[in-house]
Amino acid sequence: MYKIITKMELAPKIKLIEIHAPEIAEKAQAGQFVILRVDEKGERFPLTLVDWDYQKGTITLIFLEIGVSTKKLGELESQDEILDVAGPLGNPSEIRHYGSVCVIGGGVGTISAYPIARALKEAGNKVISIIGAKSAKLLILEDEMGKISDELYISTDDGTKGQKGFVSDVLKLLIEKGHTFNLIYAIGPAVMMRAVAEVTRPYNIKTIVSLNSIMVDGVGMCGACRVTVGGETRFACVDGPEFDAHEVDFGELIKRQMMYLSEEKLALERWENRRQVCNERT
Amino acid sequence: MSEPKPKPKVQKEAVPIPKQRPEVRKRNFDEVALGYTEEQVLAEANRCLQCPKPECVQGCPVEIDISAFIKFIRERKFDEAIKKIKEKNSLPAICGRVCPQEDQCQKFCVLGKVGDPVSIGRLEKFVADWERQRGFDVPERAPPTGKRVAVIGAGPAGLTVAADLAKLGHEVVIFEALHLPGGVLMYGIPEFRLPKSIVQAEVDYVKKLGMEVRTNFLIGRTYTIPELLKRGFDAVFIGTGAGLPQFLRIPGENFGGIYSANEFLIRVNLMKAYAFPAYDTPIRIGRHVVVIGGGNVAMDSARSALRLGAEEVCIVYRRSREELPARKEEIENAEEEGIVCKFLAAPVRFVGDEKGWVRQMECICMELGAPDESGRRRPVPVKGSEFVMDVDTVVVAIGRTPNPIIQRTTEGLEVTRWGTIVTDENGKTSIEGVYAGGDIVTGEATVISAMGAGKKAAKAIHEYLMKK
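Scope of this entry: the structure provided in the associated data block. Computed from a predicted model, the values in this text were never measured in an experiment.

1. Structural notes on the overall build of chain A
And then number 1: In terms of helices and strands, chain A carries eight helices and 17 strands.
And then number 2: Taking 19 Å as the expected radius of gyration for a compact globule of 282 residues, we find that chain A reaches 19 Å, a close match to that expectation.
And then number 3: For the C-alpha atoms alone, the extent of chain A along its principal axes is close to 60 × 40 × 40 Å.
And then number 4: Across the 282 residues that make up chain A, the buried fraction comes to 58%.
And then number 5: As displayed, chain A offers around 11700 Å² of accessible surface, 50% of which is attributable to carbon and sulfur atoms.

2. As for the nonpolar core
And then number 1: If you look at the biggest cluster of nonpolar residues, it comprises 127 residues, and the most contacted ones within it are I104 and L171 of chain A together with F69 and I73 of chain B.
And then number 2: The element best represented in this core is helix α17 (residues 447-467) of chain B, accounting for 10 residues.
And then number 3: Counting 33 residues, the second-largest nonpolar core is a separate cluster that includes Y259, I283, V289 and W357 of chain B.

3. Quick look at the interface of chain B and chain A
And then number 1: At the junction of the two partners, chain B supplies 50 residues and chain A supplies 49 residues.
And then number 2: Here chain B and chain A share an interface that buries about 4100 Å² over both sides, 52% of which is from carbon and sulfur atoms.
And then number 3: On the chain B side of the interface with chain A, the three residues burying the most area are R221, N254 and D280 of chain B, jointly 18% of the side's total.
And then number 4: Taken together, chain B and chain A are joined by six salt bridges.
And then number 5: Where chain B touches chain A, the interface holds 31 residue pairs in polar contact (both at pLDDT 80 or more).
And then number 6: Going through the elements one at a time, β5 (242-245), β6 (258-260), α12 (261-270) and α15 (405-409) of chain B are the ones with two or more residues in the side of chain B that touches chain A.
And then number 7: Of all the elements, α12 of chain B adds the most residues to the side of chain B that touches chain A, at four residues.
And then number 8: Tallied by class, residues from the side of chain B that touches chain A come to 23 nonpolar, 14 polar and 13 charged.

4. Let's talk about the pairing of strand β3 (residues 33-37) of chain A
All names here are of chain A.
And then number 1: For β3, the tally of buried residues reaches five of five residues, placing the bulk of the element in the interior.
And then number 2: Burial of β3 is two-sided: the residues F33, I35 and R37 facing one way and the residues V34 and L36 facing the other way are all buried.
And then number 3: With four bridges connecting them, β3 and strand β4 (residues 45-48) associate as antiparallel partners. When the sheet's bridge partners are listed, L36 is paired in β4 with F45.
And then number 4: Direction of pairing for β3 relative to strand β8 (residues 84-89): antiparallel, over a ladder of four bridges. Residue pairing for β8: I35 is matched across the bridge by A86.

5. Quick word on the pattern of salt bridges
And then number 1: Using the criterion set out here, one finds 55 salt bridges over all chains in the structure.
And then number 2: The salt bridge partner of E18 of chain A is K56 of chain A, with a shortest N-O separation of 2.7 Å. Of this pair, E18 of chain A sits in strand β2 (residues 14-20) while K56 of chain A sits in the loop between β5 (51-53) and β6 (58-64), placing them 38 residues apart in sequence.
And then number 3: Its salt-bridge partner being E330 of chain B, residue R303 of chain B comes within 2.7 Å of it at the nearest N-O pair. With R303 of chain B in helix α13 (residues 296-307) and E330 of chain B in helix α14 (residues 328-336), this pair connects stretches of sequence that are 27 residues apart.

6. With respect to the sheet that holds β4 of chain A
Residue and element names in this part refer to chain A.
And then number 1: Strand order across the open sheet formed by three strands is β4-β3-β8, with antiparallel pairing between neighbours. Sheet topology places β4 and β8 at the edges, where each strand pairs with a single neighbour. Pairs of neighbouring strands in the sheet enclose a mean axial angle of 30°, with direction left out of account.

The rules behind these values
Residues numbered from 1 in each chain as written. Chains lettered and ligands numbered in written order. Predicted model: local features only at pLDDT ≥ 70, side-chain atom pairs only at ≥ 80, totals over all residues. Heavy atoms only, no water. Helix = DSSP H or I, 4+ residues; strand = E, 2+ residues; numbered from the N terminus. Rg over C-alpha atoms; globule rule 2.2 N^0.38 Å. Buried < 20%, exposed > 50% of the residue type's maximum accessible area, 1.4 Å probe, protein only. Areas by Shrake-Rupley, 256 points an atom, 1.4 Å probe, with all protein chains shown as cover. Core = buried A, V, L, I, M, F, W, Y, C linked by side-chain atoms within 4.5 Å. Contact = heavy atoms within 4.5 Å. Buried area = accessible area lost by both parts, 1.4 Å probe. Salt bridge = Lys/Arg side-chain N within 4 Å of Asp/Glu carboxyl O. Polar contact = N/O pair within 3.5 Å; in protein donor to acceptor, adjacent residues only side chain to side chain. Nonpolar A, V, L, I, M, F, W, Y, C, P; charged D, E, K, R; others polar. Pairing = 2+ DSSP bridges. Axes fitted to C-alpha atoms, helices over the stretch in contact; angles between N-to-C directions.

Structure, rendered in structure tokens:
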């Protein structure tokens, strides 16, 4: 069992939890994730390691409540326990001095972009960050990203904050204005990562994406997370989660991510109905 | 010279095992074989000739004194019988169910020359179940040696090593990556062949021998093997099993509805997707299910699909019936349940719909050519014989390759070009104090061979520790 030490809400439906998990805290590195199972009937699902504190023996996760598993997790309060947390999983990001790097977070992808940007900054890079969301109230980690970035750019789909449009539009502008980048990290929805890949491809700028494919075990057994990279089948959990953006078959990834949409909807409706019944009784 | 003894009268046929009827069992996940009654077990045990030099034992990878335990059954001393088995095997209820006895102990039974061999596996299962229902006796442990051993992976190999070393007085910690111990017994073999409550009970028994089991602990990531050695473990055993699924490497393989057998079985067995939405993990079963492959994993996948409501389940295998690697009993069970086998055919590509779901599978017919390195005749495609099958769920059960995480994170660990770990015959690897056994060494094999490797490694580790 893994105890929740602190919990807070960062934006509507976006929550942060700090969990007691000393071994994971000791070994965590930027770019890695954990697999959680909230309760006995729960799914195994991955979340990015956002922060970790070796001294306190804690790890920090941030998640959007979107399906049954994340809603169940969001219902837990400080001092509650999570049944299973395994990690750190996946290959760490290759953090070294590249020079000038651009780190892009789209939507909740900013959660995964933040620890990488932080580590790149600590390694002495000039970090230009771009974060985006649908709307200003859904924008997360703005202060945190601001603190570790030399420059921070913001975009929202509806123009309520920063530039109206997508993070890839901001990147395009920066490049056109003459910014040069030795490396670009882009993490977010698959369509956003694909858009960034298409922006950087003509300039031949090395671009890395962190893929959020469906996972079951997450430790290299099931192959649910398989993606086509450079024409080869690779496993996001053990070969990734980071891959060269210019090699990833995003069309396939998008379809594979949506495989269980109808089941996810069904499970969510069922869960919400049961919640309602419980609430009415009490 | 004494006169030749009169030949004992031999009951040529084995006492048949009661089973759920096919039309009933194909729609439930309950165990198929119901097990012998006491009367039946005595009748079967009495068929044993009690050979003065029993040959059956040479077929047992863990060297159970088979003749002796059968003698106890004949005398209705079931407690003595199980004790005899457990001298060598800590997981008898599991082995009685999933060992390929026909290729092991029963293959050597002299009765097999005139009729059915003694049903050793069914006898083992009976006494193991008899004991479990009464509660386990926990054997005494040797006094503590002060030595600590890390066992990586709580599957058949790891549990065997852990049990044997704990009995010898060593302090054992098992590290398991998944949330439950048991390995393939838990995530792979389906409920109807090996009920999970039985796996849990046998794992609990092993735990009672005195050891710590750390779940959610992926060695190679959480700690590495060099770190384990630095943190005070005197020896390490690697029993991480078969890992990443192999795919066919044909077009369209990543369409929705195409599962590796590992994913399919993990969803069903470990995550209980058959109970979705009461359990959160989903699985989608179409009307037409095709399983590619011919091993036990293929049979397990096909029979699971049927129980999950598939209208039609077809196994596609590129060789012929004679080469099927699955146990004969499982093939019979599958066919009785209505699963169709299509032999001498192999998929060449999948066709999907606009949403990315598989809809059709194009196959090509095969014929058998000259034998390959495995000794089996190599399948060769027949030109122009392509045909198309309508499918909406495909399970690819063509084997697995070793999980690479430990190999990548353990400097100095010698591996083969297939990624399996190199050991000597006792499981010793290229690193001092580090041993390995089971599928991670041999490639995919059986539960009992992994246990056999575990036994050998435990012996070698014990000798190493006592000399150290």
